[in-house]
Amino acid sequence: MSKEPARRRTGQNRMLWLLDAIERDPRADAAIDRLTRGVRALPLGRARDALHGRWLGHPLHPLMVQVPVGSWMSAAVLDLWPGRSREAGLLVGVGLAAAAPAALAGAVDWAELRRPQTRVGLVHAVANATAVGLYGASLVCRLTGRAGAGRAYGFLGLTAVGAGGMLGGHLAYRQASGANHAEEVPYVVGGGWHRIGTVDEFPAGRPVRRAVDDVPVLVVREIGGTFHALAERCSHLAGPLSEGTVSDGCVTCPWHGSVFRLSDGWNVRGPATAPQPAFDTRVVDGHVEIGLRRADGPEAPAGRGADAARTWAGAGADGARPPHREGDEGHGRTV
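What counts as what
Residues numbered from 1 in each chain as written. Predicted model: local features only at pLDDT ≥ 70, side-chain atom pairs only at ≥ 80, totals over all residues. Heavy atoms only, no water. Helix = DSSP H or I, 4+ residues; strand = E, 2+ residues; numbered from the N terminus. Expected span 1.5 Å × (residues − 1). Buried < 20%, exposed > 50% of the residue type's maximum accessible area, 1.4 Å probe, protein only. Arc of directions from axis to C-beta. Contact = heavy atoms within 4.5 Å. pLDDT = per-residue confidence, 0-100. Pairing = 2+ DSSP bridges. Axes fitted to C-alpha atoms, helices over the stretch in contact; angles between N-to-C directions. Parallel < 35°, antiparallel > 145°, perpendicular 65-115°, else oblique. Left-handed = near helix turned anticlockwise from the far one by under 90°. Nonpolar A, V, L, I, M, F, W, Y, C, P; charged D, E, K, R; others polar. Patch = residues over 30% accessible without salt bridge, like charges linked within 9 Å, V, L, I, M, F, W, Y side chains within 5 Å. Areas by Shrake-Rupley, 256 points an atom, 1.4 Å probe, with all protein chains shown as cover. Salt bridge = Lys/Arg side-chain N within 4 Å of Asp/Glu carboxyl O.

Q: How should I be thinking about helix 6 (residues 66–79) in this particular structure?
A: Along its 14 residues, helix 6 runs 20 Å from first to last C-alpha, staying within 8% of the 20 Å computed at 1.5 Å per residue. All of the buried residues in helix 6 are Pro68, Ser71, Trp72, Ala75, Ala76, Leu78 and Asp79. Buried residues along helix 6 cover an arc of 165° about the axis, so they all sit on one side. Opposite the buried face of helix 6, at more than 90 degrees from it, the exposed residues are Gln66 and Val77. In the core, the buried residues of helix 6 are packed alongside helix 5 (61–64), helix 7 (85–110), helix 8 (115–143) and helix 9 (147–174).

This is how it looks when you write it as structure tokens:
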């Protein structure tokens, strides 16, 4: 048998092998646990959701890192241009000032990730911290008249930033940290109504898991008989909402505490930055049926005559549903 490393036999390049090794390496787990507890304990209040980017609809950290990275890249270009060391130093300082809030936004996201992601994220943070240290040294050298050393530290810092950016890309695109894990639901669930069980199968106030077209669905029956249905896998990291707690018209994810409104899937509290896909519900002959609520206002699902017409009553002349308002009981109702 060939003694060639497995990565060669499978065609995996050295960089991917190294990144996969970081994901599997448990040696920093104790430090990660301490750091995540510390970040979660920060008294940030409502600012925590702002740093997660809930108001933006996706993580804020990738947006904030544009300032330090852009400033430092521009400084490197000016360092290659004779006589522009003063301007380059100014850009180095701008990047250093912007690095702290960008790091804080990244830290609050990182503290709510899975173990393999936090391992890569820790190395990402170390690379970026190294870059900050090198750029700090660069700025000191420039301010004390050692422009050559300042440029050298700056180029080393840019190298560290590049390594950190590569790791950040691995986190975002290979490991899907910060991605909306419920985004594919509208493209997987078929149109029309889907029967998911009898009314008696759904105890009032308790979350129940069902599946439609292989997509897990959370179903909650209120005390008064109204049904609500959401995509069951949390948009943050696909946590099982059916194992969460239901209270005050919302469900809380058991993994990281994201809170979603049952009536329409709105993410009331992070770290989730995207809402849950929601379903319309109805009861027909003692059976519960659900149909995906689509944002583009499709035609009414193929239904059962008057039942379907009553379920979609209130739609506008173009067939679109009226916008949801607080207290509107038009969603998640029975027929």
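There is more to say after this.
Q: Please clarify how the confidence of the model for the chain should be interpreted in this entry.
A: Keep in mind that low pLDDT regions are not for reading the predicted coordinates in detail. With 85% of its residues at a pLDDT of 70 or more, the chain shows a mean pLDDT of 87. Contacts of residues 297–335 to residues separated by more than four positions or lying in other chains number 68 contacts, the stretch itself having pLDDT below 50.

Q: I tried to follow the pairing of strand 9 (residues 278–284) on my own but got confused; where do I start?
A: Looking along a regular strand, one sees side chains alternate from face to face of the sheet. Taken across its 7 residues, strand 9 has 7 buried, putting it largely inside the fold. Here strand 9 shows a buried face lined by Ala278, Asp280, Arg282 and Val284 and a second buried face lined by Phe279, Thr281 and Val283. Bridge count for strand 4 (residues 227–231) against strand 9 is 2 bridges, and the pairing is antiparallel. Within the sheet, the bridge partner assigned to Ala229 lies in strand 9 and is Phe279.

Q: What should I look at first to understand the packing of helix 6 against helix 9 in this one?
A: How two helices pack is summed up by the angle between their axes together with the distance between the axes. It is at 10 Å that the axes of helix 6 and helix 9 come closest, and there the two elements cross at 140°. Classified by the interaxial angle, the pair formed by helix 6 and helix 9 is oblique. Along this stretch, helix 6 crosses helix 9, giving a crossing that reads as left-handed. Note on element contacts: helix 9 touches helix 6 through Arg151, Phe155, Leu158 and Val161, opposite Val69, Trp72, Met73, Ala76 and Asp79. For the contact of helix 6 with helix 9, the class distribution of residues is 7 nonpolar, no polar and 2 charged.

Q: Any chance you could explain the sheet that holds strand 1 (residues 194–198) here in plain terms?
A: Hydrogen bonds along the backbone pair up the strands of a sheet, which may run parallel or antiparallel. Read from one edge to the other, the open sheet built from 6 strands follows the order 1-10-9-4-3-2, with strand pairing classed as antiparallel. Of all the strands in the sheet, just strand 1 and strand 2 (208–212) have a single pairing partner and so form its edges. Recorded for the sheet is a direction-independent mean angle of 35° between the axes of neighbouring strands.

Q: I keep staring at a nonpolar patch on the surface and nothing clicks. Help me out?
A: On the surface, a nonpolar cluster with roughly 370 Å² of combined accessible area is contributed by Met15, Trp17, Leu18 and Met166. Among the elements that take part in the nonpolar patch, helix 2 (residues 14–24) stands out by supplying 3 residues, more than any other. The topology assignment puts Leu18 in helix 2. The partly exposed category is assigned to Leu18, whose relative accessible area is 42%.

Q: For this particular structure, what's the right way to read the pairing of strand 10 (residues 287–292)?
A: Summarising burial for strand 10: 5 of the 6 residues are buried, a large majority. Relative to strand 10, strand 9 is paired through 6 bridges, and the arrangement is antiparallel. When the bridges of strand 10 are listed, Val284 appears paired with His287. Between strand 9 and strand 10, which pair antiparallel and follow one another directly, the connecting turn spans 2 residues, one of which, Asp285, has a positive phi of 55°.

Q: I would appreciate a short explanation of unusual backbone geometry in the present structure.
A: Leaving glycine out, the prevailing phi sign among residues is negative, and the prevailing peptide bond configuration is trans. Cis geometry marks the peptide bond from Gly270 to Pro271; its omega dihedral reads 20°. Following the sequence through the fold, Pro271 ends up in the loop between strand 8 (267–269) and strand 9. Despite not being glycine, Ala176 has its phi angle at roughly 60°, a positive value. Take Ala176: it is sitting in the loop between helix 9 and helix 10 (185–188). You can call Ala176 partly exposed: its relative accessible area is 23%. Positive phi outside glycine occurs at Asp285, with the angle close to 55°. The exposure class assigned to Asp285 is exposed, which follows from its relative accessible area of 71%.

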